[in-house]
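Read off the chains here:
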Amino acid sequence: MKVFQHVSDIGNLQQALAEAMEIKADRYKYQSLGKNKTAMLIFFNNSLRTRLSTQKAAMNLGMNVIVLDVNQGAWKLETERGVIMESDKSEHLLEAIPVMGCYCDLIGVRSFARFESRKDDYEEQILNQFIKYSGRPVFFMESATVHPLQAFADLITIEEYKNRTKVEPNPLFGGEAITRVPNKRPKVVLSWAPHPKALPQAVPNSFAEWMIAAQTGIEGGLDFVITHPEGYELDPQFVAGAKVEYDQMKAFEGADFIYAKNWSCPGVTRPADYGKVLGDYHDFSEWTVGARQMAVTNNAYFMHCLPVRRNMIVTDDVIEAPTSIVIPEAANREISATVVLKRMLQSL
Ligand code: CP
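Notes on the structure follow.

With that settled, consider the sheet that holds strand E11 (residues 223-227). Read across the open sheet, the 5 strands follow the order E12-E11-E10-E13-E14; overall the sheet is parallel. The open sheet has two edge strands with one neighbour each: strand E12 (243-244) and strand E14 (301-303). Packed onto the sheet, helix H7 (residues 202-217) meets strand E10 (187-192), E11 and strand E13 (257-261) and runs at close to 155° relative to E11.

So, in structure tokens, the structure goes:
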């Protein structure tokens, strides 16, 4: 694997899940694979989970790891070609990228949408330069449009929980154990939720892409539904084939997994609105996932990629419930990253 960006890069999903379970059973099984190999993790934006889980994954594989926060300690980078470099940006990305490539075997990059131009964001201007000029395999650690390490971890989590009939008390917050009757073909709902600031579409894009692939690509399949207010339609390249239900309560009926996430306007129907929060977010408070919506589900598990704003995206009681699996979901980031780095090492 030379690039990890889309679900198609991982190939057969059932095989990928089998590898994830193999790693989970023995996460150091491939310790010798990364000996004398170096992973470089480059962050243009903040991170907690991606930074730690990917570093841990590289260590599981016996790799050395270099982490670079581009905005702390490195030269300020110019990213546009053709610019007369007379500002405070001392180095051009076109030199910086091949230099970074000199010191490592694999490169992971996090670079969020800038919301300056939909075209630039959706053409993945930054990540594509890393693919073109680094000379190394590149894995996306959340780009302008995708977050595949998260979506893979989400799929692993759904696979682990979909057949469980006993929900234990939440290990952190308690609550009562319940028995749930799983659907043979679980219903997975991606729900938009309000947020005060404009957030990128990378997480919902990737989640949709992976869930659509899983509808037919994993044993038993699943049914995938997206719900959001009008105007927040995701880009067709990620959601073609998905059912969209604008009535959130209707979408939640009988659901087995609720995946809450905010995203700003993708600009599909009105390009001028790209990257905007439409209207006043206070007017969308009924979209906050709470007990009212969860009551119509099939005792659904609650998921979110984190970080999450409580009582904005989800109420305290839902995220603290026994059916909340946000922590195991985050733990699976180590597993998805280990599988991806293993595949990349194997194809060096
Ligand atoms: N979910 C996720 O990618 O978390 P971080 O932004 O903290 O890395």
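Looking now at the environment of Leu61. In this structure, Leu61 sits in the loop between helix H2 (49-60) and strand E3 (64-69). Classification of Leu61 as buried rests on a relative accessible area of 0%. In this structure the C-alpha to C-alpha distance between Leu61 and Gly220, which are 159 residues apart in sequence, comes to 31 Å. Setting aside anything within four residues of it in sequence, one finds Leu61 in contact with Tyr30, Gln31, Leu33, Gly34, Lys35, Thr338, Leu341, Lys342 and Leu345.

This brings us to the site of the ligand. The immediate surroundings of the ligand are formed by Ser47, Leu48, Arg49, Thr50, Arg110, His147, Gln150, Cys305, Leu306 and Arg333. Arg110 is positioned such that a nitrogen or oxygen atom in its side chain is 2.8 Å from an oxygen atom of the ligand. Residue Arg333 places a side-chain N or O atom 3.1 Å away from an oxygen atom belonging to the ligand. More than half of the atoms of the ligand fall within 2 Å of the grid points belonging to the largest pocket. Of the residues belonging to the shell around the ligand, the class tally is 3 nonpolar, 4 polar and 3 charged. Residue-level mapping places the shell around the ligand at the junction of two domains, with at least three residues from each of domain 1 (3-146 + 333-346) and domain 2 (150-330).

Right, let's talk about the pattern of salt bridges for a bit. Counting across every chain of the model gives 19 salt bridges. With a closest N to O distance of 3.0 Å, Glu19 and Arg343 form a salt bridge. Here Glu19, found in helix H1 (residues 13-25), pairs with Arg343, found in helix H12 (residues 326-346); they are 324 residues apart in sequence, far enough to count as distant. The residues Glu19 and Arg343 share a single accessibility class, namely buried. Close ionic contact of Lys76 with Asp88 constitutes a salt bridge, the shortest N to O distance being 2.8 Å. Of this pair, Lys76 sits in the loop between E3 and strand E4 (77-78) while Asp88 is found in the loop between E4 and strand E5 (91-92), placing the two residues 12 residues apart along the sequence. For Lys76, a relative accessible area of 46% translates into the label partly exposed.

Before going further, it helps to spend a moment on the side chain of Gln129. Assignment of secondary structure puts Gln129 in helix H5 (residues 125-133). In this structure Gln129 comes out as buried when scored by relative accessible area, which is 13%. Of note is the side chain of Gln129, whose polar atom sits 3.3 Å from the backbone oxygen of Gln125. Apart from residues lying up to four places away in sequence, Gln129 is in contact with Thr79, Leu93, Leu94, Ile97 and Ser134.

This next bit is on the pairing of strand E2 (residues 38-43). In terms of burial, E2 is a largely internal element, 6 of the 6 residues being buried. Going residue by residue along E2, you find Thr38, Met40 and Ile42 tucked away on one face and Ala39, Leu41 and Phe43 tucked away on the opposite face as well. Pairing analysis gives 6 bridges linking E2 to E3, with the strands arranged parallel. Bridging from a neighbouring strand, Phe43 pairs with Asp69 of E3.

Turning next to the packing of H1 against H12. Relative to each other, H1 and H12 sit at 110°, their axes nearing to 9 Å. Compared by their axis directions, H1 and H12 come out roughly perpendicular. Crossing of H1 over H12 shows right-handed handedness. Of the residues in H12, those touching H1 at Gln15, Ala16, Glu19, Ala20, Ile23 and Lys24 are Asn332, Ile335, Thr338, Val339, Lys342 and Arg343.

Before going further, it helps to examine the environment of Ser324. Take Ser324: it is sitting in the loop between helix H11 (316-319) and H12. Each C-alpha atom of the pair Ser324 and Ile66 lies 34 Å from the other, and the pair is 258 residues apart in sequence. The contacts of Ser324, once residues within four sequence positions are left out, are Asn170, Phe302, Val318 and Ile319. A polar contact is formed between the side chain of Ser324 and the backbone oxygen of Ile319, at a distance of 2.8 Å.

So, how was this worked out
- Residues numbered from 1 in each chain as written.
- Predicted model: local features only at pLDDT ≥ 70, side-chain atom pairs only at ≥ 80, totals over all residues.
- Heavy atoms only, no water.
- Pairing = 2+ DSSP bridges.
- Helix = DSSP H or I, 4+ residues; strand = E, 2+ residues; numbered from the N terminus.
- Contact = heavy atoms within 4.5 Å.
- Axes fitted to C-alpha atoms, helices over the stretch in contact; angles between N-to-C directions.
- Buried < 20%, exposed > 50% of the residue type's maximum accessible area, 1.4 Å probe, protein only.
- Near = heavy atom within 4 Å.
- Polar contact = N/O pair within 3.5 Å; in protein donor to acceptor, adjacent residues only side chain to side chain.
- 1 Å grid on protein atoms, 1.4 Å probe; cavity = no way out; pocket = protein on both sides within 12 Å on 5 of 7 lines; lining within 4 Å.
- Sits in = over half its atoms within 2 Å of the grid points.
- Nonpolar A, V, L, I, M, F, W, Y, C, P; charged D, E, K, R; others polar.
- Domains from an automatic or database assignment.
- Salt bridge = Lys/Arg side-chain N within 4 Å of Asp/Glu carboxyl O.
- Parallel < 35°, antiparallel > 145°, perpendicular 65-115°, else oblique.
- Left-handed = near helix turned anticlockwise from the far one by under 90°.

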